[in-house]
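Overview (structure and organization)
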Amino acid sequence: MKPATKRMYTYERQSTDYQHLANQTRFLDEWAKQQPESNIVRRSEVISGRKMTGQGLQTLWDDVNADLVKSLTVYSVDRLGRNMRQACNFLHDALAHDVEIIILNQPQLKLNTAEGRMMFQMIMSFAEFEACKISDRTKVGLHRAARTCRKCRHYEEGN
């Protein structure tokens, strides 16, 4: 049986319905125009990066492990996810299958080097920290809003 040909992939993710993929798409489109291959597999989805459970990423991860991926291009490291452990596991699998990972907003970041992996881990640490802080601020805001509504009786009256 003939082995499958490895292909180039892109992945873009937005965390909520209120965000847009337009900026990521624009940069990935520009990158794709410069590539010798025109048949690039594109994956995108709307899902939080904290659990890295999206179908698009899972399919990509499956393709990495099936040795179908030559390269993966993302706009920024945090688009892969905001969970340090899972992102590092993904990186480990990708590098084990000789997948070149291209980060458009940090082209100097070479993840197949010790320095690149260290920078990846530092960036992911900050991405996970930022996600936790966003969650904390959201919880405080929701608590404050519920307390405010109870004071003015909107909460009980359903307004």
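Structure: see above.
Notes on the structure follow.

Definitions and cut-offs
- Residues numbered from 1 in each chain as written.
- Predicted model: local features only at pLDDT ≥ 70, side-chain atom pairs only at ≥ 80, totals over all residues.
- Heavy atoms only, no water.
- Pairing = 2+ DSSP bridges.
- Helix = DSSP H or I, 4+ residues; strand = E, 2+ residues; numbered from the N terminus.
- Right-handed = clockwise from strand over helix to strand, strands pointing away.
- Salt bridge = Lys/Arg side-chain N within 4 Å of Asp/Glu carboxyl O.
- Axes fitted to C-alpha atoms, helices over the stretch in contact; angles between N-to-C directions.
- Contact = heavy atoms within 4.5 Å.
- Phe/Tyr/Trp six-rings, centres within 6.5 Å; stacked < 30°, edge-to-face > 60°.
- Buried < 20%, exposed > 50% of the residue type's maximum accessible area, 1.4 Å probe, protein only.
- Core = buried A, V, L, I, M, F, W, Y, C linked by side-chain atoms within 4.5 Å.

1. What about the pairing of strand β2 (residues 41–46)?
One face of the sheet, then the other: side chains in a regular strand alternate in exactly this way. As paired elements, strand β1 (residues 7–14) and β2 share six bridges and run parallel to each other. Among the inter-strand pairings, Arg13 is bridged to a residue of β2, identified as Glu45. Read as a crossover between parallel neighbours, the route from β1 over helix α1 (residues 22–33) to β2 is right-handed.

2. Topic: the pattern of salt bridges
Under the counting rule described, the total for this entry stands at seven salt bridges. Residue Asp67 pairs with Lys6 through a salt bridge whose shortest N-O separation is 3.2 Å. Taken together, the residues span a long stretch of sequence, with Asp67 in the loop between α2 (55–65) and β3 (69–74) and Lys6 in the segment before β1 at a distance of 61 residues. With a closest N to O distance of 3.9 Å, Arg42 and Glu12 form a salt bridge.

3. Details of the sheet that holds β2
Here we have four strands laid out as an open sheet, ordered β2-β1-β3-β4, and parallel in their pairing. This sheet does not close on itself; its edge strands, each paired only once, are β2 and β4 (100–103). Neighbour-to-neighbour, the strand axes of this sheet turn through a mean angle of 20°, independent of strand direction. Sheet analysis places β1 next to β3, joined by four bridges and oriented parallel. Across the sheet, the residue bridging to Thr10 is Thr73, located in β3. Sitting on the sheet, α1 is in contact with β1, β2, β3 and β4, with an inclination near 165° to β1.

4. Section: the environment of Ile47
Considering the arrangement of structural elements, one finds Ile47 in the loop between β2 and α2. Taking the C-alpha atoms as reference points, Ile47 and Asp17, 30 residues apart in sequence, are found 8.6 Å from one another. When near neighbours in sequence (up to four residues on either side) are disregarded, Ile47 contacts Arg13, Gln14, Ser15, Thr53 and Gly54.

5. A word on the packing of aromatic side chains
Counted under the stated rule, the structure contains two aromatic pairs. Here the aromatic rings of Phe27 and Tyr75 are separated by 4.9 Å at their centres, their planes lie at 35°, and the arrangement is tilted. On the criterion of sequence distance, the pair formed by Phe27 in helix α1 and Tyr75 in the loop between β3 and α3 (84–96) is long-range, its members being 48 residues apart. A residue is classified by how much of its surface remains accessible, and Tyr75, at 24% relative accessible area, is partly exposed. With a centroid separation of 5.2 Å and 85° between ring planes, the pair formed by Trp61 and Phe90 is classed as edge-to-face. Taken together, the positions of Trp61 in helix α2 and Phe90 in helix α3 put the pair 29 residues apart, joining distant regions of the chain. Owing to a relative accessible area of 13%, Trp61 belongs among the buried residues under this scheme.

6. Here we look at the nonpolar core
One recurring pattern in soluble globular proteins is that nonpolar side chains are buried together. Counting residues in each nonpolar core, the largest one holds 27 residues, and the members touching the most others are Leu60, Leu72, Phe90 and Phe120. The dominant element in this core, judged by the number of residues it contributes, is α3, at five residues. Apart from residues lying up to four places away in sequence, Phe90 is in contact with Met52, Leu57, Leu60, Trp61, Val64, Leu72 and Leu80. Of all hydrophobic cores here, the second largest spans five residues; its members include Met8, Ala32, Ile40 and Ile102.

7. Overview of the environment of Glu37
The topology assignment puts Glu37 in the loop between α1 and β2. On the basis of relative accessible area, Glu37 is assigned to the partly exposed category, the value being 24%. Sequence separation between Glu37 and Met8 is 29 residues, and the spatial gap between their C-alpha atoms is 7.9 Å. When near neighbours in sequence (up to four residues on either side) are disregarded, Glu37 contacts Arg7, Met8, Ala32 and Lys70.

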